[in-house]
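Letter by letter, the chains look like this.
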Amino acid sequence: MRRTSLAWLTSFLFLAACSDDTVTPQKDIGGKKDKGIKIEATVGDITPGTEGTKPDLPKGDLPKTTDLPKVDQPQTKVDLPKGTDAKVDLPKGTDAKVDLPKTDGPKVDVKKSDAKVDAPKGDLPPAPANTKCATPEALTWSGTTIVKNGDNSNSVNEYANPSVNCGLGSYYDMDGGQVYYKVTLAANKKYKAILLSPSADLALYAFPASAACTQAGVNTGCTSPTPADPNNIFVSDAQGSGGTETIRVAPAAAGDWIFVVDSYYDSASGRGPFTLTISEFVAPTNTTCANARVLTLTGTPQKVVETGDTGDSTDEFATVDCGNALGPWPGPQLYYKVTLTGGKKYMVKLDAGSTDSSLYAFPSATACNATAINTACTSPTPADPYNIWNADAGYASGEKLFISPPASPTTVEWTIVVDSYDAAEKGFFTLTIEEFTPAANAKCTAPETLALTTSPVTKTGSTVFAPNEFGEQILCGTTSTDYDGNQVYYKVTLQNGKKYTFKVTPTGAKWDPAIYAITDLTCAVANINTQCATNAQDVGNAGDPETLEITPAGTSGTTDYIFVVDSVVDVDSGAFTLEISWP
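Everything in this summary refers to the structure shown in the same document. All of these numbers come straight from a predicted model, not from anything done at the bench. (Residues numbered from 1 in each chain as written. Predicted model: local features only at pLDDT ≥ 70, side-chain atom pairs only at ≥ 80, totals over all residues. Heavy atoms only, no water.)

Turning our attention to the overall build of the protein. The secondary structure content of the protein amounts to four helices and 32 strands. The buried share among the 583 residues of the protein stands at 46%. Summarising the internal contacts of the protein: among those between residues at least 6 apart in sequence, 78% fall at separations of at least 24. When the accessible area of the protein is evaluated, it comes to approximately 26,500 Å², of which 52% is carbon and sulfur surface. (Helix = DSSP H or I, 4+ residues; strand = E, 2+ residues; numbered from the N terminus. Buried < 20%, exposed > 50% of the residue type's maximum accessible area, 1.4 Å probe, protein only. Contact = heavy atoms within 4.5 Å. Areas by Shrake-Rupley, 256 points an atom, 1.4 Å probe, with all protein chains shown as cover.)

So, about the packing of aromatic side chains. All told, the structure shown has 17 aromatic pairs when counted by the stated rule. Here F402 and F436 contribute two aromatic rings whose centre-to-centre distance is 5.6 Å and whose plane-to-plane angle is 70°, an arrangement assigned as edge-to-face. One end of the pair, F402, is in strand β21 (residues 399–403); the other, F436, is in strand β23 (residues 428–436), with 34 residues separating them in the sequence. Since its relative accessible area comes to 5%, F436 is described here as buried. A centroid spacing of 5.7 Å and a plane angle of 45° characterise the contact between Y500 and W582, whose relative ring orientation is tilted. Of the two residues, Y500 sits in strand β27 (residues 500–507) while W582 sits in the segment after β32 (575–581), which places them 82 residues apart along the sequence. (Phe/Tyr/Trp six-rings, centres within 6.5 Å; stacked < 30°, edge-to-face > 60°.)

Strand order in this open sheet of five strands is β15-β17-β22-β19-β20, and the pairing throughout is mixed. Edge strands, defined here as strands with exactly one partner in the open sheet, are β15 (293–295) and β20 (390–391). The pairing of β15 with strand β17 (residues 334–341) spans three bridges and is classified as parallel. If you follow L295 over to β17, its bridge partner there is V338. (Pairing = 2+ DSSP bridges.)

Scanning all chains against the criterion turns up six disulfides. Note on cysteine connectivity: C133 is disulfide-linked to C213, with sulfurs 2.1 Å apart. Taking the torsion about the sulfur-sulfur bond, which here is approximately -70°, the covalent link between C133 and C213 counts as left-handed. With a gap of 80 residues between them, C133 in the loop between β5 (116–118) and β6 (137–138) and C213 in the loop between β10 (203–208) and α2 (215–221) connect regions that are remote in the sequence. Residue C213 is classed as partly exposed on the basis of its relative accessible area, which comes to 38%. Covalent S-S linkage joins C476 and C532, the inter-sulfur distance amounting to 2.1 Å. Disulfide C476-C532: torsion about the S-S bond near -105°, hence left-handed. (Disulfide = S-S within 2.5 Å.)

The subject of this paragraph is the environment of P301. With respect to the helices and strands, the residue P301 is situated in the loop between β15 and β16 (303–309). The class of P301 is partly exposed, set by a relative accessible area of 48%. Once the C-alpha coordinates of P301 and E434 are considered, the two residues, 133 residues apart in sequence, prove to be 7.2 Å apart.

Glancing now at the side chain of D356. Mapping D356 onto the fold places it in the loop between β18 (345–351) and β19 (357–363). This buried residue, D356, is left without a salt bridge; K426 holds the nearest opposite charge, at 15 Å. (Lys, Arg positive; Asp, Glu negative; His and termini not counted. Salt bridge = Lys/Arg side-chain N within 4 Å of Asp/Glu carboxyl O.)

This paragraph deals with the sheet that holds β21. Read across the sheet, four strands follow the order β16-β23-β18-β21 without closing on themselves; strand pairing throughout is antiparallel. Single-partner strands in this sheet number two, and they are β16 and β21. With direction set aside, neighbouring strand axes in the sheet form an average angle of 15°. (Axes fitted to C-alpha atoms, helices over the stretch in contact; angles between N-to-C directions.)

Grouped together as the largest cluster of nonpolar side chains are 27 residues, with contacts concentrated most on F502, F563, V565, F576 and L578. For this core, the secondary-structure elements that each account for two or more residues are β26 (488–495), β27, β28 (514–518), β30 (546–550), β31 (558–566) and β32. With sequence-adjacent residues up to four places away left out, F502 is seen in contact with V492, L494, I515, E546, T547, L548, I550, F563, L578, E579 and I580. Ranked by size, the runner-up nonpolar core spans 23 residues in total, among them L297, L340, L350 and L401. (Core = buried A, V, L, I, M, F, W, Y, C linked by side-chain atoms within 4.5 Å.)

The subject of this paragraph is the environment of V418. Summarising the element assignment, V418 is placed in strand β22 (residues 411–420). Judged by relative accessible area, V418 falls into the buried class, the value being 3%. A C-alpha to C-alpha distance of 8.2 Å links V418 and P332, two positions 86 residues apart in sequence. If we ignore the near neighbours within four places in the chain, the residues touching V418 are T310, P332, Q333, L334, Y336, L350, S358, L359 and F429.

What follows is about the pairing of strand β12 (residues 244–249). Judged by how many residues are buried, β12 sits mostly within the fold: six of six residues are covered. Alternating positions in β12 separate into two faces, T244, T246 and R248 on one and E245, I247 and V249 on the other, with burial throughout. Of the strand pairs in this sheet, strand β9 (residues 191–196) and β12 are connected by six bridges, and their pairing is antiparallel. Across the sheet, residue L196 finds its bridge partner in β12, namely T244.

What follows is about helix α4 (residues 525–532). Regarding α4, the residues found buried are I528, N529 and C532. An end-on view of α4 places all buried positions within 95° of arc, on one side of the element. Every exposed residue of α4 that faces more than 90 degrees away from the buried side is listed here: A526 and T530. Structurally, α4 contributes buried residues whose contacts are with β28 and β29 (536–537). (Arc of directions from axis to C-beta.)

As a general feature of sheets, a regular strand has side chains that alternate between the two faces. Inspection of the sheet shows β27 paired to β30 by five bridges, in the antiparallel sense. Bridged to K503 within β30 is T547. Alignment of β27 against β32, held across seven bridges, turns out to be antiparallel. Each residue of the ladder has a partner; that of T505, found in β32, is T577.

Next up on the list: unusual backbone geometry. Note that the residue after T226, namely P227, is joined by a cis bond; omega there is 0°. Here P227 lies in the loop between α2 and β11 (235–236). With an omega of -5°, the peptide bond between T300 and P301 qualifies as cis. The residue N161 is not glycine, and still its phi comes out positive at about 55°. Mapped onto the fold, N161 is located in the loop between β7 (145–151) and β8 (179–185). Phi at C476 takes a positive value of approximately 55°, unusual for a residue other than glycine. Topologically, C476 is positioned in the loop between β25 (457–462) and β26.

Printed below as a string of structure tokens:
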């Protein structure tokens, strides 16, 4: 258990010794998440109505200053005996600090009966009733679907040390707060559950309601069967913040099942609003090119979001590779048709969870055979960042395409295909097609110029609708990490010999930026790689800022730099704030 709560703070403040040890979170590697600092301490929650209880405090000298972890709680004060300066102020959202008597004053002997905690009622919202396995919220079917909007922000972790991991191993212990839902399922039907949060990194699992409400009982119940059954996948924790988690249940007998929204994290990263959708699963009909499912763009700008599942699909054309070196793609496919407007630009984004997917597109007028499709889905030459018609990252990360139909004809129908490299790579996905206006500074040779007048200079931006201009060619001195996300570029003039600090902070939905800088204004790939080898930074996780310091050589004159906001994952993009400061 690693909760940062008011109860933990008031107990830990006077009962535990301060530590100077520092644990540095590690960078995400290979899609694994960093759990951060783990505090091995078992604490209790504040029980409503117990405000004003008196904790035991040690006698004798108190240290001058104690720094505690950052918390997000209302201001709370611990009143100590009159005549002393000691108090505890915990301002909301800031590092908590204990200010104690000056060292040149008399010793303070704090007796057990002298101290009290003043905590007004209502400061901490109560935990939801369904935060316990024994008290799940019952959900009712509306036809063949259940849609539940919820929030686990105030929930608690019912089972800790060890936490539930549904057979995934202790590394994947789900330490966040849970909310439980009970659903009645029929026999011999297939069900799918999809969990989506706009901001939190959540997990989803299910188990029969007959399982014991103990850590062992839940853990056994939510472990997917062996050998693997694509119709019975009881746990999903594949995606980061804003990702989609999907599971499948096909019970042999009718009965109640418990669906649980949980999180790998017990911090704010693992808490927030969500939408849980449970529905009867029907095998798709759009498994062939000739029977593509029609999608309709709506709104301004135009957009459509579609969920699907290749689990019950088959492979129609095993030799299609669209000229991509990571093809062919003999996995099961699903086909979609969409009408695009000439002269506009569209982005097609695939979130396939833990499935190593591929994605490609071609004009729907193309004949439905492997040869014709293979030619039509090959991206044009020379390369155009706004016409990328096939994608395969080579691992489970999602995929992204760009389609820019010519102005004439005014409309044209395109076919979008969700596929994979292997028959075993199949599962749920979310497909998003949306119109966009490209960022003006999305090309290295056309950066946005920033005037550095008074420090600091602040600029907001976004990489969401910028293309990946150089594909997987930018490595910045590494041999295994390519910067193949979306990029935007800024040009700055720096004074030689002066140190400048560039800080990029992600905003909105969490994403993991990478930053680098070059001096070659012609943007030759070889020169970019050479120059950014010593001017690149990508050490944080999703949501963390990245900071790069640059001191141009020399003592006089200036040097022009191009500063780049990028990412190492091809579907990772988002809004950010860039701050440039100097002495």
